[in-house]
2 protein chains.
Amino acid sequence: MVSSRSFVVSKQPSLPYPCKRPLIIKTSTQFLVTARFLVNFQELRHRMKVSFKIDKYPAEIKGYRRFNLLGSQEKDLEYTQCDGLAVEFKHLTLKEQRAGGGGKGSKGVNEGSRSVQEELHIITLMTQFSYDGVELNIEATTLPFVVISNQSQFVRAWASILWFNLLSTDPKDVAFFSKPPAAKWILVADVLSWQFSCCTGRGLNADQLQMLGKKLCGTDILSFFNSIYNDAGIFHIVLFLLKLSKVYFALKKLGVFFLFQGSVPNQDSTVTWSKFAKESMPRVSFTFWEWFDAILTLVKAHLENIWKDGYVMGFVSRSAEDALLRTRQQGTFLLRFSESMRDGGITISWVDHESDGSFVRSVEPFTKKELSNIPLYEIIRNYQLLAEENIPENPLKFLYPNIPKDDAFGKYYEHNSEVNSEYQKYMKRRLIMVSERNNDETQSSIASGTPQYISDTLSNDNDIFSPVHGEYCHDAADLGNFINRK
Amino acid sequence: MVSSRSFVVSKQPSLPYPCKRPLIIKTSTQFLVTARFLVNFQELRHRMKVSFKIDKYPAEIKGYRRFNLLGSQEKDLEYTQCDGLAVEFKHLTLKEQRAGGGGKGSKGVNEGSRSVQEELHIITLMTQFSYDGVELNIEATTLPFVVISNQSQFVRAWASILWFNLLSTDPKDVAFFSKPPAAKWILVADVLSWQFSCCTGRGLNADQLQMLGKKLCGTDILSFFNSIYNDAGIFHIVLFLLKLSKVYFALKKLGVFFLFQGSVPNQDSTVTWSKFAKESMPRVSFTFWEWFDAILTLVKAHLENIWKDGYVMGFVSRSAEDALLRTRQQGTFLLRFSESMRDGGITISWVDHESDGSFVRSVEPFTKKELSNIPLYEIIRNYQLLAEENIPENPLKFLYPNIPKDDAFGKYYEHNSEVNSEYQKYMKRRLIMVSERNNDETQSSIASGTPQYISDTLSNDNDIFSPVHGEYCHDAADLGNFINRK
DNA sequence: ACAGTTTCCCGTAAATGC
DNA sequence: TGCATTTACGGGAAACTG
């Protein structure tokens, strides 16, 4: 009846970070772990002392960083109304044990060591049960977590936590990332949408997911070789030489590696860990997850209201966007996330029917830098195309498919009637975003017509699909719930 | 020949902070001290060990925080070509010794303890000279420094360091701020100008200094009482009761305390420490020094080029500005620092001659927030007054007195020809600053005519002076040089 | 309630070592 | 040389304490 399963971790180690992302710990930063003893003998109160340890694998295992877990070493199990017998370790911190000479910089890169984000650690809480002649040493272990030393590693660490909890069959398997399994696309799609719904209250619809799926499910020649490399040693040398050779780079430059990529995902499609969070995407220097999470962060910080309203199409390819807008009336626009910016960007694209043809134009994407000064709806409201000696014109009239922009965004507009008494003596001023109408022929020609889509088509858009504003809105759930669904 | 004066601190303790502001140390942050032994017997190399201590006043003295000075405890004097025999302590840090229970928060506020910024500390370096039968214990002490725990205290700490080095007659007098002396206005003016010249390369001219002097040299009733309070105990109770009474606040509200303030400083004017950096200025909640330093920082960060050119009049009162602009041609403008913003602000004021009179208008001041997005010269270049269905107009034509704005600022204008290849596919965009021409009658009427100057006139401008763009450009000098000039 | 002070910690930049 | 990682610390905000 009283078994080792009676003692469990009830709050996984967690930084006090927004948006519920447990199981990532930063060195020298306080975190918290709680455990509960599920057998509730009132008599045990203050009788059971709990201590803790971290990792403690044998000395011969190399390639892991070792940490000291600092904090008040022992605490009593305490009884509370809502939790029963429980213990809470606050103000715990982790400090790396560094080998002799090591100052800052790289961890001891031994054979087989993996990157920080793929290193999993476990804390064990220990106590003794002693009652009615029965003596028992019992332990509770946390789920594996990732230890980072800088906030900049947080994003990649969260990818690991997601992947582990999505796919691991053994909750104590700290070697999970020595051979991380691939995931079915539908599972990954679920996670991606869930990330949006739990951060912003609105998930991703089928069209948005399809666009993402194309980025993740393609097979390029490089991945093909890599998968062979993992399975059979015979291609090892071949690939190695190929990689070193100029041929490899020449092929890469030509885009040959991406020919296979970009097919619409189906029921059987899978996503590799590498494609999800390890390797850079074609022609950019960041991973899918880094890009995706940057957008999630941008939406959360600056676009939450209009995202919730469903006014941000966001995940649309350029060519799909072009197809959508061309048939629409003058001044129809939509909002699309940049695919080439690491830190998250969003652009406005609109259709302009002129005597010499229809053009889809996009403004240079806005990032958190711009959006922290003007909300996107104010940019849209006041955007102007300037031309010499003409009244400036706002080209943005209807949000796709045909919603007058003030109907969509009017409720958020700032009223400058709120005259701050401190500054009454001054004229109110505000920032607006403008572009020159025809300042540079190069730009216009690139932004119009079709030539610029050639490369996109080659890599991303072998078919044209027709997005519909469907609803695919996940219930918000924390990681615990998400894990339990499995 | 070898005396205790042979061993001196050659680099005062200093954070690696920009703009040369030594003698401020932040707890838990590394700093550096070096000392030199001026007697150069080659034979002493590696023979003299240097150690250090901090403060070490007797236990009965209360009201000071106590610190531990951490770092490698002993170092040899080393010989180098350029410094001779010297020792350098790097990676020193300070940690407060906190009395038992103290977590964060206030220091032990004992009787007579002063604020952190007025607490001075000293580090002593100690060594033994032993040569040819002579034995001598010798010490070198740093100048008194201020210990802060957060960067936000830096500004106030620097005021202390300036005041001490301006006025102290004893370089080891850590009790200096128990009765800080007043300074002659001309000395203070010198410091203020020097602060600008050493940070930006251009000091303050006579008109700018006069405007500042009026803020510092006035005597209001409150200061009058305070000075009596310091000298004779007899007014203690009277003032205390007065301060508590509603009468005090009623008087304060009515501005009675400020009636005496704002006279033009002369040769005999003095500035008290309190007026300089302790008490808030009339009708705002920050001190003169906080205000002044915020502007200095703003200039350094965002206005350095146009400041160096002498295009920022800056320190002008509203009424002086009005007098200057009214007689000028339509569209004449000048740049003036806000007197009411704690964090530093700069406004543009221009004259507008209309059929119903001449108006001087000012735009809501720009702060580092705005200026880090658009440089001021770009705001000036593209500023627009919007009016329905009209071509927007830029009211800024001539920098006072009559320099066409493009002549003044043209060399800094950004050329948007630099088309970033990454974003060729997008339309370039930029921010511009706009105001509504007649959006709110209240604002316009307040910004025009004379009524709004009544309160200013009462407090700040009993006379009208006529600024001239003189040159008052200090040589840049670091604190060491400045101290030595005394 | 408040103000002075310290602690906490993100995010950027620099340092470090492979 | 570049990359992965850690350290350093400014600046905003929270926590703490009389």
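Scroll up to find the structure this text is about.
Everything quoted here is computed from the prediction, not taken from an experiment.

Q: What is the right way to read the overall build of chain A from this model?
A: Helix and strand counts for chain A stand at 15 helices and 20 strands. For chain A, restricting intrachain contacts to residue pairs at least 6 apart in sequence, the fraction spanning at least 24 positions comes to 69%. When the accessible surface of chain A is totalled, it reaches about 23500 Å², and 52% of it is carbon and sulfur.

Q: Quick question: what am I supposed to make of the sheet that holds strand β4 (residues 49-54) of chain B here?
A: Within a beta sheet, neighbouring strands are joined by backbone hydrogen bonds and run either parallel or antiparallel to one another. Residues and elements named next belong to chain B. Judged by pairing direction, the sheet is antiparallel, and its four strands sit side by side in the order β6-β4-β9-β10 without closing on themselves. Across the chains shown, the open sheet's two edge strands, defined by having one partner strand only, are β6 (75-76) and β10 (134-141). Where β4 and β6 come together, two bridges link them in antiparallel fashion. Bridge pairing links Lys49 to Asp76 in β6.

Q: Just to check I follow, could you spell out helix α1 (residues 154-167) of chain A for this structure?
A: Note on helix geometry: an α-helix contains 3.6 residues per turn, so any two residues three or four positions apart are oriented the same way. In this model, α1(A) (14 residues) spans 20 Å end to end at C-alpha, consistent with the 20 Å of a helix rising 1.5 Å per residue. Buried residues dominate α1(A), accounting for 12 of its 14 residues.

Q: Please explain the sheet that holds strand β15 (residues 346-354) of chain B as it appears in this structure.
A: Residue and element names in this part refer to chain B. Taken in spatial order, the five strands make up an open sheet running β16-β15-β14-β18-β19, and their pairing is mixed. The outermost strands of the open sheet, each flanked by one partner alone, are β16 (357-362) and β19 (403-404). Lying over the sheet, helix α8 (residues 288-308) contacts β14 (332-337) and β15, oriented at roughly 150° with respect to β14.

Q: Help me understand α8(B) in this model?
A: Residues and elements named next belong to chain B. Taking 1.5 Å of rise per residue, 21 residues should cover 30 Å, yet α8 covers just 23 Å from first to last C-alpha, more than 12% shy of that figure. Maximum bend of α8: about 90°, positioned at His302. Just downstream of α8 lies Gly310, where phi reads positive at about 80°.

Q: Is there a simple way to think about the packing of α1(A) against helix α2 (residues 185-200) of chain A in this case?
A: Between two packed helices, the angle of one axis relative to the other and the distance separating the axes together describe the packing. Residues and elements named next belong to chain A. The N-to-C vectors of α1 and α2 enclose an angle of 130°; their axes lie 11 Å apart at closest approach. In terms of their interaxial angle, α1 and α2 are classed as oblique. Between α1 and α2 the crossing geometry is right-handed. Residues Trp158, Leu162, Trp163, Leu166 and Leu167 of α1 form the contact with α2, whose participating residues are Leu187, Val188, Val191, Trp194 and Gln195. Taken together, the residues that form the contact of α1 with α2 break down as nine nonpolar, one polar and no charged.

Q: I tried to follow the packing of aromatic side chains on my own but got confused; where do I start?
A: Both the distance between ring centres and the angle between the ring planes are used here to describe each pair of aromatic rings. Residue and element names in this part refer to chain A. For the structure on display, the rule yields 48 aromatic pairs over all chains. Aromatic side chains Phe176 and Phe177 sit 4.8 Å apart centroid to centroid with 90° between the ring planes, which places their arrangement in the edge-to-face category. Its relative accessible area of 3% is what places Phe177 among the buried residues. Geometrically, the ring pair formed by Phe276 and Trp289 is tilted, given 5.4 Å between the ring centres and 35° between the ring planes. Residue Phe276 is found in helix α7 (residues 273-278), and its partner Trp289 is found in helix α8 (residues 288-308); the two are separated by 13 residues along the sequence. Trp289 carries the same exposure label as Phe276, and that label is buried. Over the face of the ring belonging to Trp291 we find Lys215, whose NZ or CZ atom lies 4.7 Å from the ring centre.

Q: What's the story with the environment of Pro401(B) in this structure? I'm lost.
A: Residue and element names in this part refer to chain B. Mapped onto the secondary structure, Pro401 falls in the loop between β18 (398-399) and β19. The exposure class assigned to Pro401 is partly exposed, which follows from its relative accessible area of 29%. Pro401 has contacts with Arg328 and Thr332, leaving out every residue within four places of it along the chain.

Q: Looking at this model, I keep getting lost on the pattern of salt bridges. Mind explaining?
A: Pairs can form between side chains of opposite charge whenever their charged atoms are close. Residues and elements named next belong to chain A. One pass over the full model with this rule turns up 41 salt bridges over all chains. One salt bridge connects Glu290 with Arg156, and the closest N-O pair in it is separated by 3.7 Å. With Glu290 in helix α8 and Arg156 in helix α1, the pair connects residues that are 134 residues apart, well separated along the chain. Among the residues examined, Glu290 registers a relative accessible area of 13% and is labelled buried. The partly exposed category is assigned to Arg156, whose relative accessible area is 33%. For Lys215, the salt bridge is made with Glu339, and the minimal N-O distance between the two is 2.8 Å. Taken as a pair, Lys215 in helix α3 (residues 206-217) and Glu339 in the loop between β14 (332-337) and β15 (346-354) lie far apart in primary sequence, 124 residues in all.

Q: Got a minute to help me understand the environment of Lys184(B) in this structure?
A: With respect to the helices, strands and loops of the structure, Lys184(B) is situated in strand β12 (residues 183-184). Lys184(B) sits 86 residues away from Thr270(B) along the chain, and the two C-alpha atoms are 4.3 Å apart.

Q: Whenever I open this one, the pairing of strand β9 (residues 123-131) of chain B confuses me. Can you help?
A: Each regular strand carries side chains that alternate between the two faces of the sheet. All names here are of chain B. Examined bridge by bridge, β4 and β9 share five bridges and lie antiparallel to one another. In the strand pairing of β9, Lys53 is matched with Thr124. As paired strands, β9 and β10 are joined by eight bridges and run antiparallel to one another. From the neighbouring strand, Leu125 faces β10, where its bridge partner is Ala140. Connecting β9 to the next strand, β10, in antiparallel fashion are two residues, including Asp132 with a positive phi near 55°.

Q: Is there a simple way to think about the environment of Ser130(A) in this case?
A: All names here are of chain A. Here Ser130 lies in strand β9 (residues 123-131). Spatially, the C-alpha atoms of Ser130 and Met48 are 8.3 Å apart, while their sequence positions differ by 82 residues. Separated by 3.4 Å, the side chains of Ser130 and Glu135 make a polar contact.

Q: Can you help me understand the pairing of strand β8 (residues 84-97) of chain B in this one?
A: Residues and elements named next belong to chain B. Note: strand β3 (residues 31-37) against β8, six bridges, orientation antiparallel. Looking across to β8, one finds that Arg36 is bridged to Ala86. Note: strand β5 (residues 66-70) against β8, five bridges, orientation antiparallel. Bridge assignment links Leu69 to a residue of β8, and that residue is Leu94. Between strand β7 (residues 78-80) and β8, which follow one another and run antiparallel, lie three residues.

About the thresholds
Residues numbered from 1 in each chain as written. Chains lettered and ligands numbered in written order. Predicted model: local features only at pLDDT ≥ 70, side-chain atom pairs only at ≥ 80, totals over all residues. Heavy atoms only, no water. Helix = DSSP H or I, 4+ residues; strand = E, 2+ residues; numbered from the N terminus. Contact = heavy atoms within 4.5 Å. Areas by Shrake-Rupley, 256 points an atom, 1.4 Å probe, with all protein chains shown as cover. Pairing = 2+ DSSP bridges. Expected span 1.5 Å × (residues − 1). Buried < 20%, exposed > 50% of the residue type's maximum accessible area, 1.4 Å probe, protein only. Axes fitted to C-alpha atoms, helices over the stretch in contact; angles between N-to-C directions. Bend = angle between axes of the 7 residues up to and from the residue. Parallel < 35°, antiparallel > 145°, perpendicular 65-115°, else oblique. Left-handed = near helix turned anticlockwise from the far one by under 90°. Nonpolar A, V, L, I, M, F, W, Y, C, P; charged D, E, K, R; others polar. Phe/Tyr/Trp six-rings, centres within 6.5 Å; stacked < 30°, edge-to-face > 60°. Lys NZ or Arg CZ within 6 Å of the ring centre and 35° of its normal. Salt bridge = Lys/Arg side-chain N within 4 Å of Asp/Glu carboxyl O. Polar contact = N/O pair within 3.5 Å; in protein donor to acceptor, adjacent residues only side chain to side chain.

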